[in-house]
Amino acid sequence: MRQRLETWLTGPRLLTLGIVGALAWSLSRVEWQQPIAHTGGGAAALQVLLALFPPELSGEFLRICVVASWHTMAYAVAGMSLAVLLGLPLGVLASGVLAERQSAGRRVAAASVRLLLAAMRSVHELVWALLFVAAVGLSPMAAILAMAIPYAGILGRIYAELLQDVPSEPIAALKTTGASPLRVLLYGYLPMALPDLLSYTFYRLECGIRAAAIMSFVGIDGIGFQIELSLADLLFRQVWTLLIFLVALVVAVDWWSTRVRRSLAY
């Protein structure tokens, strides 16, 4: 009995127990005496849903959607480009692949960079956006920097793990030829990890499009800003049109990602 209890209190089972306990605690904090939906909520939801048939398709509003989509995509690409420029070198340092041998200094350096990456991604991009809007005003730079910092932290962490997962045999073969750590990185780690690096980067770009749309709610022009204006005027047909444009942007990035990955496979 004791051995069975110790088994349950270790590894994935302990994590499962923690998740179940957290769920039970969350449910216990819900005010079940209160109605889940307010009076008239069903009718309001039906009104919003019926506005999809059809959405707003006037030429003037479609032009607004195209411009807003372009701004959203531009913010996302610029923010992600800066995030990659920051995240890749930080990810390399966090992985420790540049060190020639295991040492206490290498572990301390890698841990320090990982701590920096954790700090960068701990603050949500919307909070960064509010801070940068207060600092630099309602400018595209506020949105770009607000995306770049947390996404660099996320990318750096994943890049580090992908580089550490590279098979060791080809790396060992390169090192036996006398290649420097930088050459091992350029001709060993990066080429073998490139498909996974690109795949995850494109995935984060999709997330970046949604983040750029959300950050538009702080007043920066984009799809989110137009959605906020339409919601304020209860123009739900316009909201659906904007959401369709947002979905189209994500689908386009997914198609682009698939094409790039297939080109690397051949």
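Description of the structure in this document.

Cut-offs applied
As a convention, each chain's residues are numbered from 1 in the sequence order in which they are written. Totals for whole chains, interfaces and linings use all residues, but because this is a predicted model, local features are given only for residues with pLDDT of at least 70 and pairs of side-chain atoms are given and counted only at 80 or more. To get the side-chain values, all heavy atoms of the structure are used, and hydrogens and water are removed first. A pair is scored as a salt bridge if a Lys or Arg side-chain nitrogen falls within 4 Å of a carboxyl oxygen belonging to Asp or Glu. Where helices and strands are cited, they refer to DSSP runs of H or I of at least four residues and of E of at least two residues respectively, numbered from the N terminus. The buried label goes to any residue with under 20% of its type's maximum accessible area, the exposed label to any with over 50%, and the partly exposed label to all in between, with areas taken from a 1.4 Å probe on protein chains only. Fitted lines through C-alpha atoms serve as axes, helices being fitted only where they are in contact, and the angles separating the N-to-C directions of these axes extend from 0 to 180 degrees. By definition in this entry, angles of less than 35 degrees are roughly parallel, angles greater than 145 are roughly antiparallel, angles of 65 to 115 are roughly perpendicular, and the rest are oblique. Crossing handedness follows the turn of the near helix against the far one: under a right angle anticlockwise gives a left-handed crossing, and clockwise gives a right-handed one. In what follows, a contact means two residues having at least one pair of non-hydrogen atoms within 4.5 Å. We call Asp, Glu, Lys and Arg charged. Ala, Val, Leu, Ile, Met, Phe, Trp, Tyr, Cys and Pro are nonpolar, and the rest, Gly among them, are polar.

1. Some points on the pattern of salt bridges
Within this structure, the stated rule accounts for 1 salt bridge. The salt bridge partner of Glu161 is Arg157, with a shortest N-O separation of 2.7 Å. Residue Glu161 and its partner Arg157 are both found in helix α7 (residues 140-164); the two are separated by 4 residues, about one turn of the helix. Using a relative accessible area of 30% as the deciding quantity, one classes Glu161 as partly exposed. Given a relative accessible area of 32%, Arg157 falls into the partly exposed group.

2. Looking at the packing of helix α6 (residues 125-136) against α7
Viewed as axis vectors pointing N to C, α6 and α7 meet at an angle of 140 degrees, and their least axial separation amounts to 8 Å. As the angle between them shows, α6 and α7 are arranged oblique. Considering only the axes of α6 and α7, their crossing is right-handed. For the pair α6 and α7, contact is made by Glu125, Trp128, Ala129, Phe132, Val133 and Val136 and by Ala142, Leu145, Ala146, Ile149, Pro150 and Tyr151, respectively. By residue class, the composition of the contact of α6 with α7 is 11 nonpolar, no polar and 1 charged.

3. Here's the deal with the environment of Ser257
Its location among the elements puts Ser257 in helix α11 (residues 236-265). Judged by its relative accessible area of 2%, Ser257 is buried. A C-alpha to C-alpha distance of 5.9 Å links Ser257 and Phe202, two positions 55 residues apart in sequence.

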